[in-house]
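Chain residues, written in single-letter form:
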Amino acid sequence: MNLSDTIGILIEKHRAFGICKNLEPIEGITNCVGTCHSKTYFDKETWTQSSDCNCCQPKEYRDSMIELTCENGEKISKQVILPISCSCDSCASIK
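Criteria and cut-off values
- Along each chain, residue indices are assigned from 1 in the same order as the chain's sequence is written.
- pLDDT decides what is reported in this predicted model: residues at 70 or higher carry local features, side-chain atom pairs at 80 or more are listed and counted, and totals for whole chains, interfaces and linings draw on all residues regardless.
- Computation of side-chain values covers all heavy atoms of the structure but excludes hydrogens and water.
- Helix and strand assignments come from DSSP, with helices taken as H or I runs of at least 4 residues and strands as E runs of at least 2, each series counted from the N terminus.
- Throughout, the radius of gyration refers to the C-alpha atoms, and the reference size of a globule is 2.2 Å times the residue count to the power 0.38.
- Between buried and exposed lies partly exposed: a residue is buried under 20% and exposed over 50% of the maximum accessible area for its type, with that area taken using a 1.4 Å probe on protein chains only.
- Pairs of residues are marked as contacts when any of their non-hydrogen atoms sit within 4.5 Å.
- None of His or the chain ends enter the tally, which takes Lys and Arg as positive and Asp and Glu as negative.
- Note on charges: their place is set at NZ of Lys, CZ of Arg, CG of Asp or CD of Glu.
- Buried Ala, Val, Leu, Ile, Met, Phe, Trp, Tyr and Cys residues form a nonpolar core when they are joined through side-chain atoms within 4.5 Å.
- Here a Phe, Tyr or Trp ring, Trp counted by its six-membered ring, pairs with any other such ring whose centre lies within 6.5 Å, and the pair is stacked when the planes are under 30 degrees apart, edge-to-face when over 60, and tilted otherwise.
- In this scheme, the term charge over a ring applies when either NZ of a lysine or CZ of an arginine sits within 6 Å of the ring centre and within 35 degrees of the ring normal.

Thoughts on the overall build of the chain
Summing up its helical and strand segments, the chain has one helix and six strands in all. Reading the chain from its N terminus to its C terminus gives the helix and strand order α-β-β-β-β-β-β. Taken over C-alpha atoms, the radius of gyration comes to 20 Å for the chain, far larger than the 12 Å a tight globule of 95 residues would show. Reported as C-alpha extents along the three principal axes, the dimensions of the chain are approximately 65 × 25 × 20 Å. Sorting the 95 residues of the chain into buried and exposed places 23% on the buried side. Taking all contacts inside the chain whose residues are at least 6 apart in sequence as the whole, residues at least 24 apart take part in 48%. Each charge sign in the chain was given a centre, from 10 positive and 13 negative side chains, and these centres are 3 Å apart.

Below you can see the structure in the form of structure tokens.
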């Protein structure tokens with residue numbers, strides 16, 4: 001993800017401070033995008049359709065503290081979990 005696209009991506013409505021969002025770019029946000037080998041086939045042993053499904057999904061994560069600036073000028077910090085790498089894994093393992 002381009003750094004400039006991360007500005008304002010995190011928005012929270014705070015009860016006392018109003019709308020809060022990140023005004024600085026967030027380093028290292030990864031979008032998991034890609035093609036993974038998947039197939040559906042006729043299983044001659046069970047006489048049914050079977051699927052081997054693989055999806056591009058996060059493999060590793062990191063915790064990051066992000067500063068949000070609110071409408072009234074207050075600053076709050078929020079912890080977010082960001083994907084840092086991706087892989088093709090079984091679709092059944094998607095969390």
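On we go.
Thoughts on the nonpolar core
Residues Cys-20, Ile-26, Ile-29, Ile-66, Leu-68, Cys-70, Ile-76, Val-80 and Leu-82 constitute the largest nonpolar core, which totals nine residues. Excluding residues within four positions of it along the chain, Ile-76 makes contact with Glu-12, His-14, Phe-17, Cys-20, Ile-66, Glu-67, Leu-68 and Cys-70.

Thoughts on the packing of aromatic side chains
Summed over the entire model, instances satisfying the criterion amount to zero aromatic pairs. Note that Lys-39 overlies the ring of Tyr-41, its terminal NZ or CZ placed 5.2 Å from the centroid.

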